[in-house]
Amino acid sequence: MNDSAAHGLDDPPEDFRSPAGAGEGTRVVRAGLPEPVKHEPALPGPVFAAHFHLPGDPTGPYTYGRDENPTWTLLERAIGELEAPGQDGVETVVFASGMAAISSVLFSHLRAGDAVVLPSDGYQALPLVAGQLRAYGIEVRTAPTGGDAQLDVLDGARLLWIESPSNPGLDVCDIRRLVTAAHARGALVAVDNTLATPLGQRPLALGADFSVASGTKQLTGHGDILLGYVTGRDGEAMASVRRWRKIVGAIPGPMEAWLAHRSLATLHLRVDRQNASALALAQALRGHPEVTGLRYPGLPDDPSYTIASQQMRRHGCVVSFTLPTRARAERFLDALELVDSATSFGGVRSTAERRGRWGGDAVPEGFIRLSVGAEDPEDLVADVLRALEESAR
Ligand SMILES: *Cc1c(COP(=O)(O)O)cnc(C)c1O
């Protein structure tokens, strides 16, 4: 089931070679760890503190728990090492959720009179954000991710927001091309890197100003914590993001931050397993008589494949497809035994849902988003094919 050749794992693009020479698995297990201290654990435990001892003049780094916390610092260092290995001056700021991270970039950088370009097929909360931005006098333009359609609405924009691959449609755009066009017009570029994870895609290496993601999904991978982060290389821009976190207080708890850091150590193992299984599942679904609109960016005949293989190292753990009707899709979900009915994605246990049940996404009634977990791939593929067959009756 190891299809590393199809993922290009044996021949990583230049951007993915570690300057220090260490392999990704090696870097992942050590990411963000402090120098070893005798009698201390490798990853120091969570620091629970609303305030820190602070006699005299109030100097940093640790003064008050909404501003900074040593458990965040280690996690931020770890994520930064994965998003932009070997790059000096890169900063990461962690948040209570992906939406907190997204909002921090948008609301700290946009003012009344600015224009922003969002994807029209992005994460389902983006239309809510767009409504709020408009209420503040910001012009919001949208265009689909596929076909680099955002290029057509860039003139005069202050910020371009990219989500590639997009959730749930799994379209991919040419990030470098969009960044070049946006920068030529003086616009900043942020990329939502949730679906790819930093092991699948490095937006800063592709020229973006910010890589933003929900750590709730595959980054932490166990479906038990909410987290978000922003990584960027411009000190002033990142200072605004950090100030925004202080203003709104959208901070992760120390326990969540510590759990996230602990979970990062297995990121490499999880993504390799889950993404290879996602490809295997996509291949098994291809040609099934009732399945239409099958999407997986790692599938060689997928519309996203060409550009995805150029800018991504791994293609994610989400497969999407459409069954003929809503009832047909519901029967299929009920018949699954190894795939939990749940929203979200990226966890070690496979999940699936009929996306149309939420409203909002422009998807057919029978559209299924399936997140592939870390089960044995043969078991998972067999369960999905069996459920398809049993629910056909
Ligand atoms: C889930 C998700 C978010 C929001 O993250 P939360 O952690 O749920 O706030 C943003 N972008 C994408 C692509 C997502 O999948």
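Quick caveat: nothing in here was measured; it's all calculated off a predicted structure. (Residues numbered from 1 in each chain as written. Predicted model: local features only at pLDDT ≥ 70, side-chain atom pairs only at ≥ 80, totals over all residues. Heavy atoms only, no water.)

Undergrad: Which parts of the structure should I look at to understand the packing of helix H4 (residues 98-109) against helix H5 (residues 126-135)?
TA: A pair of packed helices can be characterised by two numbers: the angle between their axes and the separation between those axes. Interaxial distance between H4 and H5 falls to 12 Å at its minimum, and their mutual angle equals 30°. Classed by the angle they form, the pair H4 and H5 counts as roughly parallel. Where H4 crosses over H5, the two elements pack in a sense that is right-handed. Packed against H4, whose contacting residues are Met-99, Ile-102, Leu-106 and Phe-107, the element H5 presents Leu-126, Val-129, Gln-132 and Leu-133 at the interface. (Axes fitted to C-alpha atoms, helices over the stretch in contact; angles between N-to-C directions. Helix = DSSP H or I, 4+ residues; strand = E, 2+ residues; numbered from the N terminus. Parallel < 35°, antiparallel > 145°, perpendicular 65-115°, else oblique. Left-handed = near helix turned anticlockwise from the far one by under 90°. Contact = heavy atoms within 4.5 Å.)

Undergrad: Hey, could you run me through the domain arrangement of the protein in this one?
TA: Many authors give the size of an interface as the accessible area that is lost as the parts come together. On domain assignment, one finds that the protein holds domain 1 (23-264) and domain 2 (267-391). Once you take the C-alpha centre of each, domain 1 and domain 2 turn out to be 26 Å apart. Every contact between the two is made by 34 residues of domain 1 and, on the other side, 33 residues of domain 2. The three residues of domain 1 that bury the most area against domain 2 are Pro-168, Leu-170 and Gln-218, which together make up 25% of that side's buried surface. Summed over the shared surface of domain 1 and domain 2, the number is three salt bridges. In this assembly, domain 1 and domain 2 are joined by 17 residue pairs in polar contact (both at pLDDT 80 or more). For the side of domain 1 that touches domain 2, the secondary structure elements donating two or more residues are helix H2 (24-30), helix H6 (175-184) and helix H8 (254-264). A total of three residues in the side of domain 1 that touches domain 2 trace back to one element, the largest contributor, which is H2. Of the residues belonging to the side of domain 1 that touches domain 2, the class tally is 14 nonpolar, 15 polar and five charged. (Domains from an automatic or database assignment. Buried area = accessible area lost by both parts, 1.4 Å probe. Salt bridge = Lys/Arg side-chain N within 4 Å of Asp/Glu carboxyl O. Polar contact = N/O pair within 3.5 Å; in protein donor to acceptor, adjacent residues only side chain to side chain. Nonpolar A, V, L, I, M, F, W, Y, C, P; charged D, E, K, R; others polar.)

Undergrad: Where do I start with the side chain of Glu-83 in this structure?
TA: By secondary structure assignment, the location of Glu-83 is in helix H3 (residues 70-83). In contact with Glu-83, not counting residues within four places along its chain, are Asn-193, Pro-198, Gln-201, Arg-202, Pro-203, Ser-211, Tyr-229 and Thr-231.

Undergrad: Just checking my understanding: could you explain the packing of aromatic side chains for this structure?
TA: Think of a pair of aromatic rings as described by two things: how far the centres are apart, and how the planes are tilted against each other in angle. In total, this model carries four aromatic pairs according to the counting rule given. For the ring pair Phe-107 and Trp-244, a centre distance of 5.9 Å and an interplane angle of 15° mean the geometry is stacked. Placement of the pair is Phe-107 in helix H4 and Trp-244 in helix H7 (residues 235-248), with a sequence separation of 137 residues. Their ring planes at 70° and their centres at 6.0 Å tell us that Phe-321 and Phe-332 sit as a pair that is edge-to-face. Of this pair, Phe-321 sits in strand E9 (residues 318-322) while Phe-332 sits in helix H11 (residues 326-335), placing them eleven residues apart in sequence. The two residues Phe-321 and Phe-332 agree in class, both being buried. The rings of Phe-107, Tyr-136 and Trp-244 are connected pair by pair, giving a single aromatic cluster. (Phe/Tyr/Trp six-rings, centres within 6.5 Å; stacked < 30°, edge-to-face > 60°. Buried < 20%, exposed > 50% of the residue type's maximum accessible area, 1.4 Å probe, protein only.)

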